[in-house]
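Tertiary structure, described
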Amino acid sequence: EKMGAAVAKMFRKHKYLYREYLIARIAFRKKEEEINFQKMSDEDLEDTLEDILRGEKRDGSGQKWFTFRKYLNSDIKKTKAEIETSLKILTKFLYERFNDKRKEEKKGVYIFIDEYDRPVNKLFEKYCDHKMTKGEKEFVKETGEMITSMISQVAKSGDARMIERVVITGAYDGLIKAGSSRLNNVETHTCLNQDGVYYGFTEVEIC
């Protein structure tokens, strides 16, 4: 449930994509009408588009806006597969939004994932005061696999043209190493290697 809520939060940060898509679909079908979209709420736009689709005897459930709406709503339970593909779907929306279809040159999407291993670390903290049961171990394992699968959907399995770079931060790189077969061209930078001078505080700053 928490993973599903996190996915909904991620999509809400880009809700403008959803609104723009609704407006574009309605404007395309109602070219002859003057519509004041600024005064329309997202719910009004949804109702308008659904009315249009009903009039065309079309089912909206397979359309992009319907998919986006499902991810936006934290009350709607997401399946494991939907959570794992969520980042890939959002990336596609961003790629299409910021690239002109008529132009040959395209811009790839930069993906930044902060504290990617936090869900697993939180589980370890929760279970650290006792020996984990078989069920708890399975839950930790499934959570880790879900995270690496979500990342691999864009970092390896996704359309390479859409991705410029994926930058991930975390407390440790265990999940990345565990899912190395799912990822390509991984570079690890830690406080202990030559990049350590760029992390933390200097002695002057502390004093």
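Quantities reported herein were computed from a predicted structural model and do not represent experimental measurements.

Another point: the environment of Glu115. Tracing the backbone shows Glu115 in the loop between strand E1 (109–113) and helix H6 (118–127). Given a relative accessible area of 42%, Glu115 falls into the partly exposed group. Each C-alpha atom, one on Glu115 and one on Cys128, is 20 Å from the other, the two residues being 13 residues apart in sequence. Excluding residues that lie within four positions of it along the chain, Glu115 makes contacts with Thr169 and Gly170.

Between side chains of opposite charge, a pair can form as their charged atoms come close. Within the structure shown, the criterion is met by nine salt bridges. Arg69 is the partner of Glu46 in a salt bridge, and the nearest nitrogen-oxygen pair spans 3.4 Å. Highlighted residues: Glu46 in helix H3 (residues 42–55) and Arg69 in helix H4 (residues 64–72), separated in sequence by 23 residues. Given the relative accessible area of 13%, Glu46 is considered buried. In this structure Arg69 comes out as partly exposed when scored by relative accessible area, which is 22%. Notably, a salt bridge pairs Arg69 with Glu50, separated by 3.3 Å at the nearest N-O pair.

What you see with E1 is a clean split: Val109, Ile111 and Ile113 sit on the buried side and Tyr110 and Phe112 on the side with no burial. Strand direction decides the pairing type here: E1 and strand E2 (residues 163–168), joined by five bridges, are parallel. Each bridged residue has a counterpart across the sheet, and for Phe112 the counterpart in E2 is Val167.

In this structure, Phe11, Phe68, Ile111, Tyr116 and Ile147 are the most contacted members of the largest nonpolar core, which totals 40 residues. Residues contacting Phe11, with those up to four places away along its chain left out, are Phe68, Tyr71, Leu72, Ser86, Ile89 and Leu90.

On to the confidence of the model for the chain. Per-residue confidence for the chain gives a mean pLDDT of 83; residues scoring 70 or more make up 91%. No element of the chain has a lower mean pLDDT than helix H8 (residues 174–178), at 71, and none a higher one than E1, at 91.

Turning next to the packing of aromatic side chains. Following the criterion strictly, the structure yields six aromatic pairs and no others. Between Phe11 and Tyr71, the ring centres sit 4.7 Å apart and the planes meet at 10°, which makes this aromatic pair stacked. Linking Phe11 in helix H1 (residues 2–12) with Tyr71 in helix H4, this pair joins segments that are 60 residues apart in sequence. Here Tyr110 and Phe112 contribute two aromatic rings whose centre-to-centre distance is 6.4 Å and whose plane-to-plane angle is 15°, an arrangement assigned as stacked. Given the relative accessible area of 49%, Tyr110 is considered partly exposed. For Phe112, a relative accessible area of 62% translates into the label exposed. Taken together, the ring pairs in this structure connect Phe11, Tyr18, Tyr21, Phe68, Tyr71 and Phe93 into an aromatic cluster. Sitting above the plane of the Tyr21 ring, Arg25 keeps its charged end 5.4 Å from the centroid. For Arg97, the ring lying beneath its charged end belongs to Phe98, and the centroid distance is 4.7 Å.

This part covers a nonpolar patch on the surface. Taken together, the side chains of Tyr110, Phe112 and Val167 make up a nonpolar region of the molecular surface, amounting to roughly 330 Å² of accessible area. Topologically, Phe112 is positioned in strand E1.

This part takes up the side chain of Asn121. Structurally, Asn121 is set in helix H6. Setting aside anything within four residues of it in sequence, one finds Asn121 in contact with Ala171 and Tyr172.

Conventions adopted
Residues numbered from 1 in each chain as written. Predicted model: local features only at pLDDT ≥ 70, side-chain atom pairs only at ≥ 80, totals over all residues. Heavy atoms only, no water. Helix = DSSP H or I, 4+ residues; strand = E, 2+ residues; numbered from the N terminus. Buried < 20%, exposed > 50% of the residue type's maximum accessible area, 1.4 Å probe, protein only. Contact = heavy atoms within 4.5 Å. Salt bridge = Lys/Arg side-chain N within 4 Å of Asp/Glu carboxyl O. Pairing = 2+ DSSP bridges. Core = buried A, V, L, I, M, F, W, Y, C linked by side-chain atoms within 4.5 Å. pLDDT = per-residue confidence, 0-100. Phe/Tyr/Trp six-rings, centres within 6.5 Å; stacked < 30°, edge-to-face > 60°. Lys NZ or Arg CZ within 6 Å of the ring centre and 35° of its normal. Patch = residues over 30% accessible without salt bridge, like charges linked within 9 Å, V, L, I, M, F, W, Y side chains within 5 Å. Areas by Shrake-Rupley, 256 points an atom, 1.4 Å probe, with all protein chains shown as cover.

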